[in-house]
Every structure is written in C-alpha cells, then in structure tokens.
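# Structural characterization, general
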Amino acid sequence: MTVSDSSKLSDNLSWPQQSLRKVIKTVADLRLAIILLLTIALFSISGTVIEQGETLTFYQENYPENPALFGFLTWQVILILGLNHVYTTWWFLSLLVLFGTSLTACTFTRQFPALKAARHWNFYQQPRQFEKLALSTELEISELAPIIPILEKKGYKIFQENQAIYARKGIIGKIGPIVVHAAMLIILGGAIWGALTGFFAQEMVPSGAAFKVNNIIEAGPLSAPQIPKDWGILVNRFWIDYTPDGNIDQFYSDLSVINEQGEELERKTIYVNQPLRYHGVTFYQTNWGIAGVKVQVNNSPIFNIPAAPLNTNGQGKIWGTWIPTKPDLSEGVSLLTRDLQGTMMVYDTKGNLYGAVRPGMAININGVTLKIHELIGSTGLQIKADPGIPFVYSGFGLLMIGVIMSYLSHSQIWVLKEGEHCYFGGKTNRAQVSFERELLGVVDELNSAKN
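It should be emphasised that the depicted structure is a prediction, and the values quoted were computed from it without experimental measurement.

## Looking at the pairing of strand β3 (residues 164–169)
Counting buried positions over the six residues of β3 gives five, a clear majority of the element. Pairing geometry for strand β2 (residues 157–161) and β3, over five bridges, is antiparallel. Within β3, the residue paired with Phe 159 across the bridge is Tyr 166. What sits between β2 and β3 in their antiparallel hairpin is a turn of two residues, with Asn 162 showing a positive phi close to 55°. Pairing analysis gives six bridges linking β3 to strand β20 (residues 411–418), with the strands arranged antiparallel. Across the sheet, residue Tyr 166 finds its bridge partner in β20, namely Trp 414.

See below:
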C-alpha cells in the first residue's frame, strides 16, 4: 500500500473512526507508556517512604504543618492526596488501568503486526534488494542445493521458491515482547484485583485469648468475602527467646484456627517470616507487648491486672500497672517492667523504689503480701488478604520468561540465483557480531565443499 493509498483509506473513514484511530495511536505511544511507568514508580516509592495505614495522630505528629517536610509535605497533604494508602487510591488505580491500556494498544498495533510480518515468507527477487543489507556478498556456486543443508544445520527454517531462498530462525525472539506485555498486564491486573478485594488489619492479642478479625485498617470495596466471619484465631501461647546478653532473639505465637464452636481447624507456631496462612488470609508476627500481670494479695483469688505502655520519649519500651493493696483502692503499688524476662520493679505510694520481684515471688508492702504469679504477654499480628498475589507472582514468572525470549536473535537470510550470479545476505535484530561470523562460516563451508 502506498502513502497515497493510506491517505485515501484514512479519508474514507468516518469521523468517529478517525478519532478512535488517533486515540489508539496516542495511547500506544511509547513515550506515554514511559511517562506512566515512571509516575507509577514514583508514587510506589512514596508508598514505601510514607508510612501506610497509620492513625491521624501518627501523621499529625510525624508530618506537622510547621515545619513542613521538604517545605510542603504535611499531614493534611498526605490525607488529601491519599498518600497514607497510596496503592488503593482511585488515581493510582487509574494510572495502572491507563498503563495497562497503553500496553494493550501497543501490543495489538505494533507487536502483533511485527510478529505477523516476521512469519511471512519474504523472498528477494531483485539483486538490488541485497544492496540494502549490511551483510551481503556473491557466492561462487552454480546451484542452490548445497546451501540448504548448511543453513538447516545452523537451525534455520528454509523456504524456497524457484531460484530464491528465504531462511529464518529465532522467531521466538519476536514473541518475547508480546509475552513481556502479557506478563505486565497480568501483574497490573493482579495489583488492581488485590487493591479491590484485599484487606489489611492489625491486632494486639493477649496470650490465651481468642479473637476475630475486626481491626480493619484498609479494605477494598470488594473485600467483604475475604474477611473471616465463621472462624477466628486462638493465641495458645506467646513467648520470647532472648540472647545471653538479654536482647530479643525471636518472638513466637502458637496460634490455632478455631470455628464458632471453638473446635481447632489448624494450628501453627509463627514467628518473623514464618506466617500462618488459612483460606487466603495470612497472619504475620510483627510486634509484641505486655498485656497484664496475674497477682494475688494475701489470700485473695488470683486476678488479672492490665498493663499499659508508658511514654519514655524514645528511651525504650516500659509497661506499667497499678495494683491496689486496700479494698477501697485508697492505697496501691506501681509495677514497671521492660520485657517478659520476668524482673519487675515495685514502687510504693510515694513513688519510691521498694524492690524487685519475679513471677512466683512475693513481697510484703503496705501491710499486705503481694505475690506475682505471671506476666501476660501479647502478640502483635498483622493480618492481610490479597487475592491478587497469585496473579502478580505468575506475572513476574512469565515476565522473566518473556525477557529471556526477547534476548534471542531473530535472524533472516536471503539467497537469489540469477543467471551466473548467486547473491547471499542477511540481517538480525541483535548479536550482530555473532551473526556476521555465522554468515562467514556459511560462506567458508560452501567454499570448502566446492574445493
């Protein structure tokens, strides 16, 4: 088709068809795809730098209006733009959709036509056509038959028409970009599906307590079926292993999945990087705390006193509680501890340090005998469901395959016998030096066979 023919065809199109063609051409533009990809990468980075899913107080404390971070980034800007949940905002999902549309348009307008053209038999019928090739020469052979087995041995697929030969190999290299585009579309689709149907929650649960997922921090508009309703989690036990110098080595949670009747459905001990997965919901071990202490005053029943974290201005973690020593609550003692190793500091009503106790020990204070039975630890669990993850992982696997396929050279060779002359040449889309050596090898083999 000539340029004039294309112009006539374009003139025959209706206005809506012409507009659609212009839109497709714009969307399929490589420059637009690059800009979209860089924009998505930029906002993805912001989602890793700016803490996601925190409370309003957290953002107000860490991103104040005066002084604003970088001169403009305040908690108000973060909340207005949705930078506290970047990956589920409408504009970020719109960027993903637009980028996916660009990839799809590029695939159908460029990659498929390129593959179709590469599959066509393309015989050279004129000697002047070989002048356009960077690698071409004349062969001193009287017939085409000797060249065919040499090219077949090098992996070429041969097509012959009278005195013309067309040979190609590496057509898979033309399929590679299409596979890459398909993989990226699968990744984008998985990310969008995960944002729409997934949820993210956090729970701080005392050892021995059961819970259902309620503290939802982020949830997609279609996430309701993913949130557990007919089963929950029982924290059988939480404990911490310490190093000889007193630092935390690892913390563990023994979890059971239980139904509404309390029957155990599954059980696993989790720790950092070893979560529990059940029905598409993943429970990660991320934090710990001290929920309370079991105490006894004189011969009273053992009762649980809740503990709370104290503000230390960044000087480490300390939990404290107040234990009454008189029935009318007019007197009591304060108990402070840093960890679950067991040592607790006891302070009297005047705030003076009275002594230290460990679980199982008793201390006489304010005229009573106070016995500490147990420190109750609490496990911090991060709970996440993302139905898009299998698609994302599959897409990344396919992407690696597509990239490897794209690195394979697509090589083409033409041969034309015209009278006493035999023209020989070829081209490739990459690995030019290797291809040149291959062509020289073909020529050398022909010359050796002739001699």
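## What to know about the sheet that holds strand β13 (residues 308–309)
The strands making up a sheet are joined through hydrogen bonds of the backbone, oriented either antiparallel or parallel. Pairing within the open sheet is antiparallel, and its five strands lie in the order β13-β14-β15-β16-β17. If you trace the sheet from one side to the other, it starts and ends with β13 and β17 (353–357), each paired once. Alignment of strand β16 (residues 344–347) against β17, held across four bridges, turns out to be antiparallel. Across the sheet, Met 345 pairs through a bridge with Ala 356, a residue of β17.

## Things to note about the sheet that holds β20
The strand order β1-β21-β20-β3-β2 describes an open sheet built from five strands, whose pairing is antiparallel. Two strands bound the open sheet, and with one partner strand each, they are β1 (135–139) and β2. Mean inter-strand twist for the sheet, computed between neighbouring axes without regard to direction, equals 15°. Where β20 and strand β21 (residues 421–428) come together, eight bridges link them in antiparallel fashion. In the strand pairing of β21, Leu 416 is matched with Tyr 423.

## A short note on the layout of surface pockets
The calculated volume of the largest pocket comes to roughly 1,000 Å³. Forming the walls of the largest pocket are 37 residues, and the residues nearest its centre are Tyr 87, Phe 92, Ala 191, Lys 384 and Asp 386. Counting only elements with at least two residues in the lining of the largest pocket, the list comes to α3 (30–49), α6 (90–119), α8 (172–197), β4 (199–206), β6 (216–219), β19 (368–385) and α9 (389–406). If you tally residues by element for the lining of the largest pocket, the top one is α8, at seven residues. Broken down by class, the residue content of the lining of the largest pocket amounts to 22 nonpolar, eleven polar and four charged.

## Regarding the nonpolar core
In terms of nonpolar packing, the biggest core is built from 23 residues, with Val 293, Leu 370 and Ile 372 touching the most fellow members. For this core, the element with the highest residue contribution is strand β11 (residues 281–297), accounting for five residues. Residues within four places of Ile 372 in sequence aside, it is in contact with Val 293, Lys 294, Val 295, Leu 335, Met 344, Val 357, Arg 358, Pro 359, Gly 360 and Met 361.

## Focus on the packing of aromatic side chains
Scanning the entire structure with this criterion turns up 17 aromatic pairs. Centre to centre, the rings of Tyr 124 and Phe 130 are 5.3 Å apart; their planes meet at 85°, and the pair counts as edge-to-face. Overall, Phe 130 belongs to the buried group, its relative accessible area being 4%. Ring centres 6.1 Å apart and planes at 65° place the aromatic pair Trp 231 and Phe 283 in the edge-to-face group. In this pair, Trp 231 is assigned in strand β7 (residues 231–242) and Phe 283 in strand β11, connecting sequence segments 52 residues apart. Overall, the relative accessible area of 0% leaves Phe 283 in the buried class. By way of ring pairs, the aromatic residues Tyr 124, Phe 130, Phe 159, Tyr 166, Trp 414 and Tyr 423 are connected into one cluster. Above the plane of the ring of Trp 239 lies Arg 237, whose end atom (NZ or CZ) is 4.3 Å from the centre.

## Here we look at empty space enclosed by the protein
Considering all chains together, one arrives at one cavity of 30 Å³ or more under this definition. Considering only enclosed or pocket space, the largest cavity measures out at about 60 Å³ in volume. Ile 290, Gly 292, Val 293, Ala 307, Trp 319, Gly 320, Thr 321, Leu 335, Leu 336, Thr 337, Met 344 and Leu 375 together form the lining of the largest cavity. Breaking the lining of the largest cavity down by element, the ones donating at least two residues are β11, β14 (319–324) and β15 (332–337).

## Here's the deal with unusual backbone geometry
Glycine aside, residues mostly have negative phi angles, and peptide bonds mostly take the trans form. Cis geometry is adopted by the peptide bond preceding Pro 67, which originates at Asn 66 and carries an omega value of 0°. Along the chain, the position of Pro 67 falls in the loop between α4 (56–62) and α5 (75–81). Even without being a glycine, Asn 162 presents a positive backbone phi close to 55°. For Asn 162, the position within the fold is in the loop between β2 and β3. Residue class for Asn 162 comes out exposed when judged on its relative accessible area of 65%. Here Asn 273, not a glycine, exhibits a phi torsion of approximately 75°, which is positive. Checked against the element boundaries, Asn 273 lands in the loop between β9 (264–270) and β10 (276–278).

## Here's the deal with the pattern of salt bridges
Enumeration over the complete set of coordinates arrives at nine salt bridges. Measuring nitrogen to oxygen at the nearest pair gives 3.1 Å for the salt bridge that ties Glu 445 to Lys 153. Of this pair, Glu 445 sits in helix α10 (residues 432–450) while Lys 153 sits in helix α7 (residues 147–153), and the two are 292 residues apart along the sequence. Overall, the relative accessible area of 27% leaves Glu 445 in the partly exposed class. Of the charged contacts, one joins Lys 212 and Glu 260 as a salt bridge, the two residues approaching to 3.5 Å between their closest N and O atoms. Residue Lys 212 is located in the loop between β5 (210–211) and β6, and its partner Glu 260 is located in the loop between β8 (248–259) and β9; the two are separated by 48 residues in the primary sequence.

Conventions adopted
- Residues numbered from 1 in each chain as written.
- Predicted model: local features only at pLDDT ≥ 70, side-chain atom pairs only at ≥ 80, totals over all residues.
- Heavy atoms only, no water.
- Buried < 20%, exposed > 50% of the residue type's maximum accessible area, 1.4 Å probe, protein only.
- Helix = DSSP H or I, 4+ residues; strand = E, 2+ residues; numbered from the N terminus.
- Pairing = 2+ DSSP bridges.
- Axes fitted to C-alpha atoms, helices over the stretch in contact; angles between N-to-C directions.
- 1 Å grid on protein atoms, 1.4 Å probe; cavity = no way out; pocket = protein on both sides within 12 Å on 5 of 7 lines; lining within 4 Å.
- Points joined across faces, edges and corners; volume = space filled by probe spheres on them.
- Nonpolar A, V, L, I, M, F, W, Y, C, P; charged D, E, K, R; others polar.
- Core = buried A, V, L, I, M, F, W, Y, C linked by side-chain atoms within 4.5 Å.
- Contact = heavy atoms within 4.5 Å.
- Phe/Tyr/Trp six-rings, centres within 6.5 Å; stacked < 30°, edge-to-face > 60°.
- Lys NZ or Arg CZ within 6 Å of the ring centre and 35° of its normal.
- Salt bridge = Lys/Arg side-chain N within 4 Å of Asp/Glu carboxyl O.

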